[in-house]
Amino acid sequence: MTQAPTPTADTVRQLVRSLLKDGTADGAGPEIRPVAESGEHATWWVGSRHVLRLAPNRAATLRQRRELRLRDLVRPYLPVAVPTSVAHGEWAPGLTYTLDTKVPGRTGEDQDVSAVGEADLAGLLTGLREVPVRQAESLGIPRAAPRSLEALRRAAEQAAERLAAADEFDAARLHQLTQPGAIQLAAQPGTAVLVHHDLKGEHLVVSTDGRVRGVLDWTDAALGDPAEDIAGLALAVGSPAAVRAATLAGYGARPCLRGLWLARCDTVVRLADCLKGRDTGPLPLLRTQLRRTWEAILLERVTELRDGDGGGSEGGEL
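Residues numbered from 1 in each chain as written. Predicted model: local features only at pLDDT ≥ 70, side-chain atom pairs only at ≥ 80, totals over all residues. Heavy atoms only, no water.

Observations concerning the overall build of the chain
Moving on, step 1. When helices and strands are tallied, the chain shows ten helices and ten strands.
Moving on, step 2. Taking all 318 residues of the chain together, 49% fall into the buried category.
Moving on, step 3. Taking the intrachain contacts of the chain between residues at least 6 apart in sequence as the baseline, contacts between residues at least 24 apart amount to 70%.
Moving on, step 4. As presented, the chain carries roughly 14,900 Å² of accessible surface, and 51% of it is formed by carbon and sulfur atoms. (Helix = DSSP H or I, 4+ residues; strand = E, 2+ residues; numbered from the N terminus. Buried < 20%, exposed > 50% of the residue type's maximum accessible area, 1.4 Å probe, protein only. Contact = heavy atoms within 4.5 Å. Areas by Shrake-Rupley, 256 points an atom, 1.4 Å probe, with all protein chains shown as cover.)

Set out below in structure tokens:
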């Protein structure tokens, strides 16, 4: 198997010069610099107005091509900006790039979301639910089976004991989610919608007044459990804000509580894995995400989940 090339600053500089005509007087072109949160893409700032993303392998190339089509589909449904590609093609044989316009604002990790920004997040969740599933599927967007909250709860219980031994977490807090509670919060049939599936803080663009102005990186989008995006928002903006946004979007107690507990269990497992060297996420960020997801919400203890609950305020006792 031929090893994929590694993009260098010279690779990027030459590609940018071929794409943009607004170089400096000496022909050097706009300033380029790598983006820290590059994920699986080699991602570079290009001047102050563009972002260049290079797919490093064939799998990422397939996702990037799919993402370009998906962004055009979702844009009319969303109240927030989705990046626009001003150029795309191949930077190496079989490996794609996209040069996108930069969405003005700061990352959600660096700028708090205001109450009005929560309404923007509600509009995002509403818009995703309105995207026609068949159209998304025709673009190659995959279906993602719902995760087992009970299996995740069991993994989180073991991880919580390790965190307690390291004085990182009170393992008793996880006892709020019982086995019957996890089973009650199983994903309901027929609820699949388009899900961003990676709504963490670095993918939210927030203005200085706390409004959510854009959402980045749609390469992990899938047709699946809407609770996954509620969970992502809990990591990004905290559980109370995530639940308020989801409720405003019309989601009831079941998906809200399911999203909350997916996020809580995930953050416990990931922090424990990081402390053992099995997760490469930044330790300070994982601790911050753990704190955000474990912020208390009004629906921590509720009465009885009704079958098919999707819009009411009742839930199961946890």
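What to know about the nonpolar core
Moving on, step 1. Formed by 66 residues in total, the largest nonpolar core has its most connected members in L124, L194, W218 and V268.
Moving on, step 2. In terms of residue count, helix α9 (residues 253–275) provides more of this core than any other element does, twelve residues in total.
Moving on, step 3. With near-sequence residues (within four places) excluded, W218 lies in contact with E67, L70, R71, V74, L78, V82, L124, L128 and H196. (Core = buried A, V, L, I, M, F, W, Y, C linked by side-chain atoms within 4.5 Å.)

Digging into the pairing of strand β4 (residues 85–92)
Moving on, step 1. One ladder, built from six bridges, connects β4 with strand β5 (residues 95–101); its direction is antiparallel. Bridge pairing in β5 places S85 opposite D100.
Moving on, step 2. Two successive antiparallel strands, β4 and β5, enclose a turn made up of two residues, where G94 displays a positive phi of approximately 80°. (Pairing = 2+ DSSP bridges.)

Focus on the packing of aromatic side chains
Moving on, step 1. The full count for this structure, using the stated rule, is two aromatic pairs.
Moving on, step 2. Taking 5.5 Å as the distance between ring centres and 90° as the angle between the ring planes, the aromatic pair formed by W261 and W294 counts as edge-to-face. With W261 in helix α9 and W294 in the segment after α10 (283–293), this pair connects stretches of sequence that are 33 residues apart. The exposure classification of W261 matches that of W294, with both residues buried.
Moving on, step 3. R129 extends its terminal NZ or CZ atom over the ring of Y251, reaching a point 4.6 Å from the ring centre. (Phe/Tyr/Trp six-rings, centres within 6.5 Å; stacked < 30°, edge-to-face > 60°. Lys NZ or Arg CZ within 6 Å of the ring centre and 35° of its normal.)

Notes on the pattern of salt bridges
Moving on, step 1. If you walk through the whole model with that rule in mind, you get 23 salt bridges.
Moving on, step 2. For E90, the salt bridge identified is with R65, shortest N-O distance 3.1 Å. One end of the pair, E90, is in strand β4; the other, R65, is in helix α2 (residues 58–74), with 25 residues separating them in the sequence.
Moving on, step 3. Residue class for R65 comes out partly exposed when judged on its relative accessible area of 36%.
Moving on, step 4. A salt bridge links R287 to E168, with the shortest nitrogen-to-oxygen separation between them at 2.5 Å. Here R287, found in helix α10, pairs with E168, found in the loop between α5 (149–165) and α6 (179–184); they are 119 residues apart in sequence, far enough to count as distant.
Moving on, step 5. The exposure class assigned to R287 is partly exposed, which follows from its relative accessible area of 36%.
Moving on, step 6. Each of R53, E67, R71, D100 and D217 takes part in salt bridges that share partners, so that together they form one network. (Salt bridge = Lys/Arg side-chain N within 4 Å of Asp/Glu carboxyl O.)

A few points about the sheet that holds β5
Moving on, step 1. The strand order across the open sheet built from five strands is β1-β2-β3-β5-β4, with neighbouring strands paired in antiparallel fashion. The outermost strands of the open sheet, each flanked by one partner alone, are β1 (32–34) and β4. Averaged over all neighbouring strand pairs, the angle between strand axes comes to 25°, with direction disregarded.
Moving on, step 2. Contacting β3 (50–54), β4 and β5, α2 crosses the sheet at an angle of about 40° to β5. (Axes fitted to C-alpha atoms, helices over the stretch in contact; angles between N-to-C directions.)

Quick word on unusual backbone geometry
Moving on, step 1. Of note, H197 is a non-glycine position whose phi angle comes to about 75°, a positive value.
Moving on, step 2. Mapped onto the elements of the fold, H197 is located in the loop between β7 (193–195) and β8 (204–206).
Moving on, step 3. The phi angle at D217 is positive, at roughly 55°, despite the residue not being glycine.
Moving on, step 4. When you line up the elements, D217 lands in the loop between β9 (212–215) and β10 (222–224).
Moving on, step 5. Judged by its relative accessible area of 18%, D217 falls in the buried class.

Description of α5
Moving on, step 1. The end-to-end C-alpha distance of α5, which contains 17 residues, comes to 24 Å, matching closely the 24 Å that a straight helix rising 1.5 Å per residue would cover.
Moving on, step 2. Among all positions of α5, only L149, E150, L152, R153, A156, A159, A160 and L163 are buried.
Moving on, step 3. Tucked inside the fold, the buried residues of α5 contact α6 and α9.
Moving on, step 4. Of the residues trailing α5, D167 is marked for its positive phi of about 60°. (Expected span 1.5 Å × (residues − 1).)

Description of the environment of G250
Moving on, step 1. Looking at the element boundaries, G250 is found in the loop between α8 (239–248) and α9.
Moving on, step 2. Among the residues examined, G250 registers a relative accessible area of 41% and is labelled partly exposed.
Moving on, step 3. Separated by 125 residues in the primary sequence, G250 and L125 place their C-alpha atoms 9.0 Å from one another.

Comments concerning the packing of helix α3 (residues 115–130) against α8
Moving on, step 1. Two elements in contact, α3 and α8, have axes whose closest approach is 8 Å; the angle formed by their N-to-C orientations is 55°. For the element pair α3 / α8, the angle class is oblique. Every pair of crossing elements has a handedness; the one defined by α3 and α8 is right-handed. Here E118, A119, L121, A122 and L125 of α3 lie close against α8, whose contacting residues are A241, R244, A245, A246 and L248. (Parallel < 35°, antiparallel > 145°, perpendicular 65-115°, else oblique. Left-handed = near helix turned anticlockwise from the far one by under 90°.)

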